[in-house]
Number of protein chains: 2
Amino acid sequence: MALDYDLSPFFHPKSVCLVGATNNPTKWGFSVLHNLLMGGYAGNVYPVNLKGEDILGMKSYPSIRDLPETPDLAMVCVPNHAVLGVIEDLAAKGGKAAFVISSGFSEAGEEEKQMEREMARKAKEAGLIIGGPNGQGLVSTRCKLFCLMSGAYNKPGPISIVSQSGNVGGTILFSAYHHGFGIGKFVSSGNEAFVKLHDYIRYFGEDPETSVVLVYIENLKEGPAFLDACREVVPKKPVIVLRGGKTEEGASAARSHTGAMATSTEIFDAACRQVGILQVRDLREMFNVAIALAHQPLPAGDRVGILTLGGGWGVLAADAVSQYGLRLPKLPAKIMEEYSAFLPPFWSKNNPVDLVATRELGTTARSLEILARWEGVDALMMLGLGYGTRSVHLSSKFSPFKDNPMLKMVADFVLQEDMSTAEAIVRLVREVNKPFAVCSDAVLGSRLSESAPILHLENHDILVHATPNDGAATLRAMWQYAQIRAR
Amino acid sequence: MALDYDLSPFFHPKSVCLVGATNNPTKWGFSVLHNLLMGGYAGNVYPVNLKGEDILGMKSYPSIRDLPETPDLAMVCVPNHAVLGVIEDLAAKGGKAAFVISSGFSEAGEEEKQMEREMARKAKEAGLIIGGPNGQGLVSTRCKLFCLMSGAYNKPGPISIVSQSGNVGGTILFSAYHHGFGIGKFVSSGNEAFVKLHDYIRYFGEDPETSVVLVYIENLKEGPAFLDACREVVPKKPVIVLRGGKTEEGASAARSHTGAMATSTEIFDAACRQVGILQVRDLREMFNVAIALAHQPLPAGDRVGILTLGGGWGVLAADAVSQYGLRLPKLPAKIMEEYSAFLPPFWSKNNPVDLVATRELGTTARSLEILARWEGVDALMMLGLGYGTRSVHLSSKFSPFKDNPMLKMVADFVLQEDMSTAEAIVRLVREVNKPFAVCSDAVLGSRLSESAPILHLENHDILVHATPNDGAATLRAMWQYAQIRAR
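Residues numbered from 1 in each chain as written. Chains lettered and ligands numbered in written order. Predicted model: local features only at pLDDT ≥ 70, side-chain atom pairs only at ≥ 80, totals over all residues.

1. A look at the overall build of chain A
Item 1. From N to C terminus, chain A includes 17 helices and 17 strands.
Item 2. On C-alpha atoms alone, chain A measures out to a radius of gyration of 26 Å, which is about the 23 Å that the 2.2 N^0.38 rule sets for 487 residues.
Item 3. Seen along its three principal axes, the alpha-carbon backbone of chain A occupies a region of about 80 × 55 × 40 Å.
Item 4. Per-residue burial over chain A gives 59% buried out of 487 residues.
Item 5. Considering only residue pairs separated by 6 or more positions, chain A has 75% of its internal contacts joining residues 24 or more positions apart. (Helix = DSSP H or I, 4+ residues; strand = E, 2+ residues; numbered from the N terminus. Rg over C-alpha atoms; globule rule 2.2 N^0.38 Å. Buried ≥ 20, exposed ≤ 12 C-beta atoms within 10 Å, placed from the backbone. Contact = placed C-beta atoms within 7 Å.)

The following block contains the structure:
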């Protein structure tokens, strides 16, 4: 289905002008230009400043009308009452798209709401599209476009985001950045005077560079259009929604924030289920599920095989898998025999497979491979990766015997064992075509998430969860989407 | 009430012998001795090794009977069939306490179960106490005693832990270590052939160095004694319980792990509520709630004041507070006026207090102080700390204008503002005597949890949560315990 508006000037502009550019770093007109330059955007950039003074060492222009070319995209950071004039200038210059960062529109009062309507009307008349107002800007990583008030400088990736809150979206951008995962496009949609939530969703749905769509909703102005857009996109790619304002208290906070109208949570939830939208409970789950859906195969069923390097974690993981509505199949005799051939006699003889302690290099990887290749499971969960590495880090720092050659040998064994497990996971995800939820308590004590096996996984786009509950929530969402896709 | 057994030889021994000490680093008899020495224990340490060879450069003894003094504590790492003899030697030497790390007892089979019973009987006869068998060991930070198969080297602190899983306990030890929080005592209680879960709980209850008791339960052998112990401790200090094996699948995994019997979840939950035990849903919540209860004042009610540096986070926090059963009081005119006197006109005029953007140093701290001192709230939640710091880190790394003096000035402002907020929180927790749940998405993207304001809080024993849900869960648990204490 054709889109109502072509949003490519927002995400693939060949030139950008920044209206309201200034040398004063306390103003958004500075930050946005600064971030655009810092992000490495390769198109033409034109600062527009009333006084025409040089901005960040660049020549500026007193008005859009004075620019040497028609900019594909105008980022607008002037005071609210000056925005209308900017739109007129852009229209006169033959421009096609503006993104208005300026606030003080419908979120501020009745008079300002009128101004917002007038702006949208003018734009429609002139054949312009407008993003915002009161939005924090947009990102398009493939053209290194970071037109944002504050944000990370993400590498390209398959996840695109539309957020009705700039900082909530920023949380996802920063988290992805620090864990090294890529992002495709991002927009902080603001008041959506013209281009609406559903327009972005439909655009991401058609975008060949996007395979997962994230949506943060606070103010659902056009429910039916939103559901229609999702209905279109969901069969092709997952739409993951986090909704703020579910409770009376949250909705009241949203009214102050974006002037949101209350939406019944029951109705919203039912509609999501019907359309196949994946709702998540918080930012952590949104991030985890997005990364997993973007980079791992969908499970063909709800049966989970768990491998653990410690009994207690296995018990908590079995609880989590069951509480999240997934199944834990029993090991058949054939698989039991395979394990008993090389594991010490006191292994768990159960799913979770508890290795207890390994004494031969590669035992964990070999055990994981048996479980992963077994046709009785559709998804895998792995617990305890990095625990050994972490112990070794401590003893290599503090041990009075750190030069003892035997101790060094054991430390090397532990590090190699953890690393060979990480490498096996990266290989197996592809070979067996099943998703892996890796959970490591090394991620809870965040400082040491820099452990080599965890970094290895993240470098191969496999997120490591902190707890079995987090991992089970991810697998459940993947199974939900697999079922949605199948229908 | 007097304890059934004096457990001080476990946690305050003046001398420790390690039976089964070896120079082979793949054996527990090496790891435990190594960790004991590495931890810096100052009492006498005696390796016991059949062959009497030097272990890790120390003289060893062929048997406990040959030791130059009676050890307060014997750590036992010999094969299962040799343990009984060790207990006899210890009894003959006049010893009082042994902790048996060796496995292969009741968790292994019927014959081994008999052996375990016999061991307990012998110990009782000889007036000895025994920890384990099949436990990973114990920790007592004040005497730098780290008799553990694997673990962190925690600084002293008020949280003590008894865990029916060594690795689950280890997760808490490592997390506390990496975040810089102290731990008091830890025991991996194993099969509890002699000293039981409730003995440790009662001991921690009496221990003046412990103010919060954490319990991981997988195998509740003596339910009534456990509840009695908790009933005794709960009025004095919180008892936080994480239970593994809540589901059929989890219970089945626990049977393989520790031979646990199933306990009805409904009955267990009802008993916990009645006794005032705080149950937590996972390791993250256990850790968060423990740190908060150990280091922050209890709330006098359920009213939460939220301050946010971004609208969307505030909306999610309002939802979280409400979903966790806490209240979000409206701001009275008096407080509104206080804010309006110095905040820009577009502040939220609502709880959550959304500052939108600050332009004067100390605005966040000042706003937080007003909210914290208002008698209408019992607890505080703060969102967005560290977001600015994180942006500045990025631009100081990548900006082509990083030497621009104006930009440096703004960066300094942002860093100072974040830091002054962190300092205000540390001060206010004490001054207003209300708990603060600080939530920062900087903790979600774990790599940058090293940001200065977050480190400042952790250095002052204030944990920073990753999401508003995490923060609300902590505040709810604190309010639950405040009510339990009050009754």
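2. Side note on the environment of Gln483(A)
Item 1. By the secondary structure assignment, Gln483(A) is in helix 17 (residues 468-486).
Item 2. Here the alpha-carbon distance between Gln483(A) and Gly386(A), two residues 97 residues apart in the chain, equals 33 Å.

3. So, helix 11 (residues 311-323) of chain B
Residue and element names in this part refer to chain B.
Item 1. Taking 1.5 Å per residue, 13 residues should reach 18 Å; helix 11 reaches 18 Å between its end C-alpha atoms and fits that length.
Item 2. Along helix 11, twelve of the 13 residues are buried, which leaves the element largely enclosed by surrounding structure.
Item 3. Among the residues of helix 11, those classed as buried are Gly311, Gly312, Trp313, Gly314, Val315, Leu316, Ala317, Ala318, Asp319, Ala320, Val321 and Ser322. (Expected span 1.5 Å × (residues − 1).)

4. Re the interface of chain A and chain B
Item 1. Facing the 84 residues of chain A at the interface are 84 residues of chain B.
Item 2. When contributions to the side of chain A that touches chain B are tallied by element, the ones reaching two or more residues are helix 2 (28-39), helix 5 (166-179), helix 8 (248-258), helix 10 (283-295), helix 11 (311-323), helix 14 (387-398) and helix 15 (405-432) of chain A.
Item 3. For the side of chain A that touches chain B, the leading source of residues is helix 11 of chain A, giving eleven residues.
Item 4. Within the side of chain A that touches chain B, the residues separate by chemical class into 36 nonpolar, 35 polar and 13 charged. (Nonpolar A, V, L, I, M, F, W, Y, C, P; charged D, E, K, R; others polar.)

5. Quick notes on the pairing of strand 6 (residues 137-140) of chain A
Residue and element names in this part refer to chain A.
Item 1. Alternating residues of strand 6 divide into Gly137 and Val139 and Leu138 and Ser140, and every residue in both groups is buried.
Item 2. The antiparallel pairing of strand 6 with strand 7 (residues 145-148) creates a hairpin that spans four residues between the two strands, and Lys144 there sits at a positive phi of about 50°.
Item 3. Note: strand 6 against strand 9 (residues 185-188), four bridges, orientation antiparallel. From the neighbouring strand, Gly137 faces strand 9, where its bridge partner is Ser188. (Pairing = 2+ DSSP bridges.)

6. As for unusual backbone geometry
Item 1. The omega torsion across Gly132(A) and Pro133(A) is -5°, close enough to zero to call that bond cis.
Item 2. Of note in the backbone geometry, Asp461(A) takes a positive phi value of approximately 65° without being a glycine.
Item 3. The phi dihedral of Asn433(B) falls on the positive side, at around 55°, and the residue is not glycine.
Item 4. Secondary-structure assignment places Asn433(B) in the loop between helix 15 (405-432) and strand 16 (436-439).

7. Focus on the environment of Gly57(B)
Item 1. Counting through the fold element by element, Gly57(B) comes out in the loop between strand 2 (44-48) and strand 3 (73-76).
Item 2. Its 11 C-beta neighbours within 10 Å are what place Gly57(B) among the exposed residues.

8. Here's the deal with the sheet that holds strand 9 (residues 185-188) of chain B
Residues and elements named next belong to chain B.
Item 1. Spatial strand order, 7-6-9-8-10-11-12: seven strands in an open sheet with mixed pairing. In this open sheet, the two strands that pair with only one neighbour each are strand 7 (145-148) and strand 12 (278-279).
Item 2. This element, helix 2 (residues 28-39), spans strand 6 (137-140) and strand 7 of the sheet and lies at about 165° to strand 7.
Item 3. Taken strand by strand, helix 5 (residues 166-179) contacts strand 8 (159-163), strand 9 and strand 10 (212-217), and its axis lies near 160° from that of strand 8. (Axes fitted to C-alpha atoms, helices over the stretch in contact; angles between N-to-C directions.)

9. Overview of the domain arrangement of chain A
Residue and element names in this part refer to chain A.
Item 1. For chain A, the domain assignment lists domain 1 (8-293) and domain 2 (297-486).
Item 2. Contact with domain 1, which involves 15 residues of that partner, is made by 15 residues of domain 2.
Item 3. With seven residues, the single largest contributor to the side of domain 1 that touches domain 2 is helix 10.
Item 4. Its residues assigned to classes, the side of domain 1 that touches domain 2 comprises nine nonpolar, four polar and two charged. (Domains from an automatic or database assignment.)

10. Some details on the nonpolar core
Item 1. In this structure, Met75(A), Val76(A), Met75(B) and Val76(B) are the most contacted members of the largest nonpolar core, which totals 303 residues.
Item 2. Among residues more than four places away in sequence, those in contact with Val76(A) are Val19(A), Gly20(A), Val83(A), Val86(A), Ala98(A), Phe99(A), Val100(A), Ile101(A) and Ser102(A). (Core = buried A, V, L, I, M, F, W, Y, C linked by C-beta atoms within 7 Å.)

11. A few points about the packing of helix 11 of chain A against helix 17 of chain A
Residues and elements named next belong to chain A.
Item 1. In the contact formed by helix 11 and helix 17, the axes pass within 9 Å of each other and the chain directions differ by 35°. Crossing hand, helix 11 versus helix 17: right-handed. Here Trp313, Leu316, Ala317, Ala320 and Val321 of helix 11 come into contact with helix 17, specifically with Pro468, Asn469 and Ala472. (Left-handed = near helix turned anticlockwise from the far one by under 90°.)

12. Regarding the relation of the copies chain A and chain B
Item 1. The transform that puts chain A on chain B rotates by 180° and translates by 0.0 Å along the axis, for an RMSD of 0.0 Å. Interpreted geometrically, this transformation is the action of a two-fold axis.
Item 2. Of the residues that chain A buries at the interface, 100% are likewise interface residues in chain B, meaning the two copies contact each other through the same surface. (Least-squares fit on C-alpha atoms with pLDDT ≥ 70 in both.)

13. Things to note about the sheet that holds strand 13 (residues 304-308) of chain A
Residue and element names in this part refer to chain A.
Item 1. Read across the sheet, five strands follow the order 14-13-15-16-17 without closing on themselves; strand pairing throughout is parallel. Edge positions in the sheet fall to strand 14 (353-354) and strand 17 (464-465), since each of these pairs with one other strand and no more.
Item 2. As paired strands, strand 13 and strand 15 (residues 379-383) are joined by five bridges and run parallel to one another. Bridge pairing in strand 15 places Thr308 opposite Leu383.
Item 3. In the packing of helix 17 onto the sheet, contacts are made with strand 13, strand 15, strand 16 (436-439) and strand 17, and the angle to strand 16 comes to roughly 165°.

14. Considerations on the environment of Arg255(B)
All names here are of chain B.
Item 1. As for its placement among the helices and strands, Arg255 is situated in helix 8 (residues 248-258).
Item 2. Under the C-beta neighbour-count criterion, Arg255 is labelled partly exposed, with 19 such atoms within 10 Å.
Item 3. Spatially, the C-alpha atoms of Arg255 and Gly245 are 8.9 Å apart, while their sequence positions differ by ten residues.

15. Re the packing of helix 6 (residues 197-206) of chain A against helix 7 (residues 223-233) of chain A
Residue and element names in this part refer to chain A.
Item 1. Following both chains from N to C, one finds helix 6 and helix 7 inclined at 5°, their axes separated by 9 Å at the closest point. Overall, the two elements helix 6 and helix 7 adopt an arrangement that is roughly parallel. When helix 6 is examined against helix 7, the residues Leu197, His198, Ile201, Arg202 and Gly205 are found in contact with a partner set consisting of Ala225, Phe226, Asp228, Ala229, Cys230, Glu232 and Val233. (Parallel < 35°, antiparallel > 145°, perpendicular 65-115°, else oblique.)

16. Side note on the pairing of strand 7 of chain A
Residue and element names in this part refer to chain A.
Item 1. Across the two faces of strand 7 the burial is the same, with Leu145 and Cys147 and Phe146 and Leu148 all buried.
Item 2. Bridging between strand 6 and strand 7 involves four bridges; their strand directions are antiparallel. Bridge pairing in strand 7 places Leu138 opposite Cys147.

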